Amino acid sequence: MVKKSACIFISGSGTNLRSIIKSSRDYNFPINVRLVISNKKSAGGICFAKKFSIPYLVLNFKKQKFEKIAIKELISRKIKLVCLAGFMSILSKNFVRNFKGKIINIHPSLLPKYKGLNTFARVLNDKEKITGCTVHFVDEKLDNGRTIIKKRVLIKKNDNTQILKKRVQLEEYKAYSMAIRKIYIIN
Ligand code: GRF
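Keep in mind that this is a model prediction, so the values were computed, not measured. (Residues numbered from 1 in each chain as written. Predicted model: local features only at pLDDT ≥ 70, side-chain atom pairs only at ≥ 80, totals over all residues. Heavy atoms only, no water.)

**Some points on unusual backbone geometry**
Note the cis peptide between L111 and P112, where omega equals 15°. Unlike most non-glycine residues, S53 shows phi in positive territory, near 55°. Among the residues examined, S53 registers a relative accessible area of 66% and is labelled exposed. (Buried < 20%, exposed > 50% of the residue type's maximum accessible area, 1.4 Å probe, protein only.)

In structure tokens, the structure reads:
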């Protein structure tokens, strides 16, 4: 099986990045992580790129310059899939159009509910009984593209944002790898 080359965009701790890299060590996993791009110098996740000897770029620039360099790198390295994993910037329409159908994202809620930030606090505030995470294709609107996979997490009586976040993140790690496998089965 010829694996596709993927790039992971991060801004933070990179635990989803770590999980995708681990899955990609499997012979049958459809992608190899060939590049990590962070838009933050301080992103903890850069350590996973180093640990697993994956090339990485820190593009600590405003959106326009960030995207200009990123597009050049993605094209020259023949990247076929971009995975947003805790990437805290909204990609421009131009960027999304350039990689139509090739950018996916993970969001910590059951979309279309709770788009945007602070999902755990909002879910608890609304006394929801269930939440989860969604892996979806990225389109030009925030947290909006076609769903690939959703995973549900039951909310317990004593949950606070940290406890709930931990449980949802455990599901995220499974969901992201399942979603990557799924898109290559469909296509
Ligand atoms: C994840 O919870 C993801 O749902 C959200 O940002 C968080 C990133 O965590 N988009 P990490 O950087 O992968 O640890």
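**Focus: helix α1 (residues 15-24)**
α1 sits mainly inside the fold: eight of its ten residues count as buried. Within the span of α1, buried status applies to T15, N16, L17, S19, I20, I21, S23 and S24. (Helix = DSSP H or I, 4+ residues; strand = E, 2+ residues; numbered from the N terminus.)

**With respect to the packing of aromatic side chains**
Across all of its chains, the model carries five aromatic pairs by this definition. Here K65 stacks its cationic end above the ring of F61, 4.2 Å away from the centre of that ring. (Phe/Tyr/Trp six-rings, centres within 6.5 Å; stacked < 30°, edge-to-face > 60°. Lys NZ or Arg CZ within 6 Å of the ring centre and 35° of its normal.)

**Remarks on the site of the ligand**
Residues in close proximity to the ligand include S13, G14, T15, N16, G86, I106, H107, P108, Q169 and E172, which together make up its full environment. Contact between the ligand and N16: an oxygen atom at 2.8 Å from a main-chain N or O atom of the residue. In the environment of the ligand, a nitrogen atom lies 3.1 Å from a nitrogen or oxygen atom belonging to the backbone of I106. A total of 370 Å² of accessible area belongs to the ligand in isolation, and the protein chains cover 87% of it. Listed by contribution, the elements that provide at least two residues to the shell around the ligand are α1, β5 (103-107) and α6 (161-186). Of the residues assigned to the shell around the ligand, the class counts are two nonpolar, seven polar and one charged. (Near = heavy atom within 4 Å. Polar contact = N/O pair within 3.5 Å; in protein donor to acceptor, adjacent residues only side chain to side chain. Areas by Shrake-Rupley, 256 points an atom, 1.4 Å probe, with all protein chains shown as cover. Nonpolar A, V, L, I, M, F, W, Y, C, P; charged D, E, K, R; others polar.)

**Digging into helix α3 (residues 63-76)**
With 14 residues, α3 extends 20 Å between its outermost C-alpha atoms, agreeing within 8% with the 20 Å of an ideal straight helix rising 1.5 Å per residue. Taken together, the buried positions of α3 are occupied by F66, E67, A70, I71, E73 and L74. Summarising the contacts, the buried residues of α3 are in contact with β1 (4-10), β2 (31-38), β3 (56-58), β4 (81-84) and α4 (93-98). Where α3 ends, the next residue or the one after it, K78, has phi of about 55°, a positive value. (Expected span 1.5 Å × (residues − 1). Contact = heavy atoms within 4.5 Å.)

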